[in-house]
Amino acid sequence: MKTPYYSYNLNLLERTLQDLIFEAKNYKIHYAIKANNDIQINKIIAKFGLGADCVSGNEILHALKCGFSNNKIVFAGIGKSDEEIEIALNNNIACFNVESLQELKVINYVAKRLNKKTSVALRINPNINVDTHQYIKTGINENKFGISFNQILKAIEIIDSCHFISLTGLHFHIGSQITNLRNFEYLAKKVNFILNYIEEKGIKIKHINLGGGLGIDYDSPYENSIPNFKKYFNVFKKHLTTKPYHTVHFELGRSIVGQCGDLITTVLYIKKGISKKFAIVDAGMTDLIRPALYQAKHLVVKCKTEFNEIEKYDIVGPICESSDKFISNYSIEKLKRGDQLKIKSVGAYGQVMVSEYNLRTKPGVFYHGEKLHFETRNSTKKLILN
Ligand SMILES: *Cc1c(COP(=O)(O)O)cnc(C)c1O
């Protein structure tokens, strides 16, 4: 198959979903469509009964097309347009996650025009500074997301005065690729405090949505191909105080799809610099922007190991930007023109961010369902030790 292309392991996806559903027994899980909107992948996720967390009108239409039921769709995002609000209302989605006071009024206005009542959840900014890359932190005060704590009562006042919206939930989302579970413990404790504060005023909340953000192991995708959902949910079981009438929701994206995708690319040229060697591959930042955008590191392995000696390369793409680099000073088996490489763990925020910059052709897609243990680990073991 012509490289570069995304290769998805649907068997791993299904095993990840099985594990998630088993561990999340008492919770409702919405899949964050923005992590990967591939139709085959989304159809599988919908079949497992998950809901969908959408951040645009088109994502709502896409989720419906892939089989997610409308009463399990929530609509988040700080900049919902009037047209997008209409799409959501016309499809009777479950809930809007609202991010500003003005948005409450606009949703009410559009709902009144369409004569449709709807539910809203307030997205509250819990001011938690998680340890992840600064571009994917979303829960600190200076972020653009959510309503601050001191605006909650004002928001509730506005909802009371609007006849076409009613408050059903609270929503939180503190960031992405969070691997230190302490952050979720802080979140749970903040939520307890905020929930208590609101309910003390006689306002009943039906659902609490704790967002997504559970990270995956980019360093060891073979060892940890399925995230530790048990540990993650245990944090909330232990630290979140809920009442029997509360339902608890999560919106996971990366942790569901991240490990099921590889980007396959071919080495075009080996070039010697002054003190470095470059392996120039046919995939670039147009195919996978995470390294350029968030300094993300993905494991790179040879598709076929030849047990050659190890050398160091900067693995770079063909785009006319210096940031078009997958990894620097990377130890890997000696490479030559024509070698195929696998860039691991690209199932989330990979294909969805493909662009046609430089008028590049978009990468292809390939699905396979073989068991993960068929993949050779020989070539990667050396890398992990290096
Ligand atoms: C992106 C996003 C998610 C999913 O985040 P992951 O890190 O992929 O789990 C969940 N909720 C909201 C509101 C988001 O914006």
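Residues numbered from 1 in each chain as written. Predicted model: local features only at pLDDT ≥ 70, side-chain atom pairs only at ≥ 80, totals over all residues. Heavy atoms only, no water.

Some remarks on the overall build of the protein
Rule in force here: A run of DSSP states H or I qualifies as a helix once it reaches four residues; a run of E qualifies as a strand once it reaches two. Both are numbered from the N-terminal end. Residue contacts are counted whenever heavy atoms from the two residues lie within 4.5 Å of one another. Here the Shrake-Rupley method, with its probe set to 1.4 Å, supplies the accessible areas, and only the displayed protein chains count as covering residues. When charges are counted, Lys and Arg are positive and Asp and Glu negative, with His and the chain ends excluded. Throughout, a charge is located at the NZ atom of Lys, the CZ atom of Arg, the CG atom of Asp or the CD atom of Glu.
Counting secondary structure elements, the protein contains 11 helices and 16 strands. Of the contacts made within the protein by residues no fewer than 6 positions apart, 73% connect residues no fewer than 24 positions apart. If you sum the accessible surface of the protein, you get close to 17,500 Å²; carbon and sulfur atoms cover 50% of it. Computed over 52 positive and 37 negative side-chain charges, the separation of the two mean positions in the protein equals 3 Å.

Description of the site of the ligand
Which entries qualify depends on this criterion: Nearness is defined per residue: one heavy atom within 4 Å of the molecule or strand is enough. Side-chain atoms alone can form a polar contact between residues adjacent in sequence; in general such a contact is a pair of N or O atoms within 3.5 Å, and within protein one must be able to donate a hydrogen while the other accepts it.
Within the structure, the ligand sits among 14 residues, and Lys34, Ser176, Glu251, Arg254 and Tyr349 are positioned closest to it. One nitrogen or oxygen atom from the side chain of Asp53 is found 3.4 Å from a nitrogen atom belonging to the ligand. Tyr349 has a polar side-chain atom sitting 2.6 Å from an oxygen atom of the ligand.

Considering the nonpolar core
Put simply, the test is: Buried residues of nine kinds, namely Ala, Val, Leu, Ile, Met, Phe, Trp, Tyr and Cys, make up a nonpolar core once their side-chain atoms join them within 4.5 Å. Burial classes follow relative accessibility: with a 1.4 Å probe on protein chains only, a residue under 20% of its type's maximum area counts as buried, one over 50% as exposed, and anything between as partly exposed. Note that domain bounds follow an automatic or database assignment of domains.
One finds Leu13, Ile45, Phe68, Leu122, Phe233, Phe236 and Ile256 to be the most contacted residues of the largest nonpolar core, which totals 102 residues. Of the residues that make up this core, three or more belong to each of domain 1 (10–258) and domain 2 (260–385). Leave out the neighbours within four places in its chain, and Leu13 touches Ile41, Ile44, Ile45, Ile256, Val257 and Cys260.

Comments concerning the domain arrangement of the protein
Basically, it comes down to this: Take the accessible area each of two parts loses on contact, using a 1.4 Å probe, and add the two losses: that sum is the buried area. Counted as salt bridges are all cases of a side-chain nitrogen of Lys or Arg within 4 Å of a carboxyl oxygen of Asp or Glu.
For the protein, the assigned domains are domain 1 (10–258) and domain 2 (260–385). On a C-alpha basis, the centres of domain 1 and domain 2 stand 32 Å from each other. Counting from both sides, the interface comprises 27 residues of domain 1 and, opposite them, 31 residues of domain 2. Carbon and sulfur atoms make up 57% of the surface buried where domain 1 meets domain 2, a total of about 2,500 Å² over both sides. The interface formed by domain 1 and domain 2 includes 0 salt bridges. Counting the contacts that link domain 1 with domain 2 gives 9 residue pairs in polar contact (both at pLDDT 80 or more). Every element with two or more residues in the side of domain 1 that touches domain 2 is listed here: helix 1 (10–23), helix 2 (39–47) and helix 9 (254–257).

Remarks on the sheet that holds strand 7 (residues 165–171)
Quick note on the threshold: Pairing between strands requires that DSSP locate at least two bridges from one strand to the other. Structural elements are reduced to axes, namely lines fitted to C-alpha atoms, with helices fitted over the stretch in contact, and the angle between N-to-C directions of any two is expressed from 0 to 180 degrees.
Strands sit in the order 2-3-4-5-6-7-8-9 around a closed barrel of 8 strands; the barrel is parallel. Neighbour to neighbour, the strand axes of the sheet diverge by 30° on average, direction disregarded.

A few points about the pairing of strand 2 (residues 28–32)
As a general feature of sheets, a regular strand has side chains that alternate between the two faces. Condition: Classification remark: right-handed applies to a crossover when, strands pointing away from the viewer, the course from the first strand over the helix to the second runs clockwise.
Counting buried residues in strand 2 gives 4 out of 5 residues, a clear majority hidden from the surface. Strand direction decides the pairing type here: strand 2 and strand 9 (residues 247–252), joined by 4 bridges, are parallel. By the bridge assignment, His30 is partnered in strand 9 with Glu251. Pairing of strand 2 with strand 3 (residues 51–54) involves 3 bridges; the strand directions are parallel. Bridge pairing links Ala32 to Asp53 in strand 3. The handedness of the strand 2 to strand 3 crossover, carried by helix 2, is right-handed.

Things to note about the confidence of the model for the protein
Using the following cut-off: A score from 0 to 100, pLDDT tells how confident the predictor is in each residue.
Model confidence for the protein is summarised by a mean pLDDT of 93, while 94% of its residues fall at 70 or above. Confidence over residues 371–386 falls short of pLDDT 50; this stretch has 36 contacts with residues more than four positions distant or in other chains.

A look at the state of the cysteines
Where we set the bar: Here, two cysteine sulfur atoms that lie within 2.5 Å of each other are counted as a disulfide.
In the structure shown here, the tally under the stated rule is 0 disulfides. Unpaired in terms of disulfides, Cys54 finds its nearest cysteine sulfur in Cys66, a separation of 9.9 Å. We classify Cys54 as buried; its relative accessible area is 0%. Not engaged in a disulfide, the cysteine Cys260 finds its nearest cysteine sulfur in Cys66; these two sulfurs lie 14 Å apart. Residue class for Cys260 comes out buried when judged on its relative accessible area of 3%.

Notes on the pattern of salt bridges
This model, assessed by the stated rule, comprises 16 salt bridges. The salt bridge partner of Glu23 is Lys230, with a shortest N-O separation of 3.7 Å. Here Glu23, found in helix 1, pairs with Lys230, found in helix 8 (residues 229–239); they are 207 residues apart in sequence, far enough to count as distant. Residue class for Glu23 comes out buried when judged on its relative accessible area of 12%. Here Arg123 ties to Glu99 by a salt bridge, and the two come within 2.9 Å at their closest N and O atoms. Taken together, the residues Arg123 in strand 6 (residues 118–123) and Glu99 in the loop between strand 5 (95–98) and helix 5 (101–114) connect sequence positions 24 residues apart. With respect to class, Arg123 is no different from Glu99; both count as buried.

Looking at helix 4 (residues 82–90)
Which entries qualify depends on this criterion: Comment: arc refers to directions from the helix axis out to C-beta atoms.
Listing the buried residues of helix 4 in full gives Glu84, Ile85, Ala88 and Leu89. Summarising the axial view, the buried residues of helix 4 lie within an arc of 140°, below the 170-degree limit, and thus occupy one face. At its buried positions, helix 4 is contacted by helix 3 (57–65), strand 4 (73–75), strand 5, helix 5 and strand 6. Immediately downstream of helix 4, the backbone of Asn92 shows phi near 50°, a positive value.

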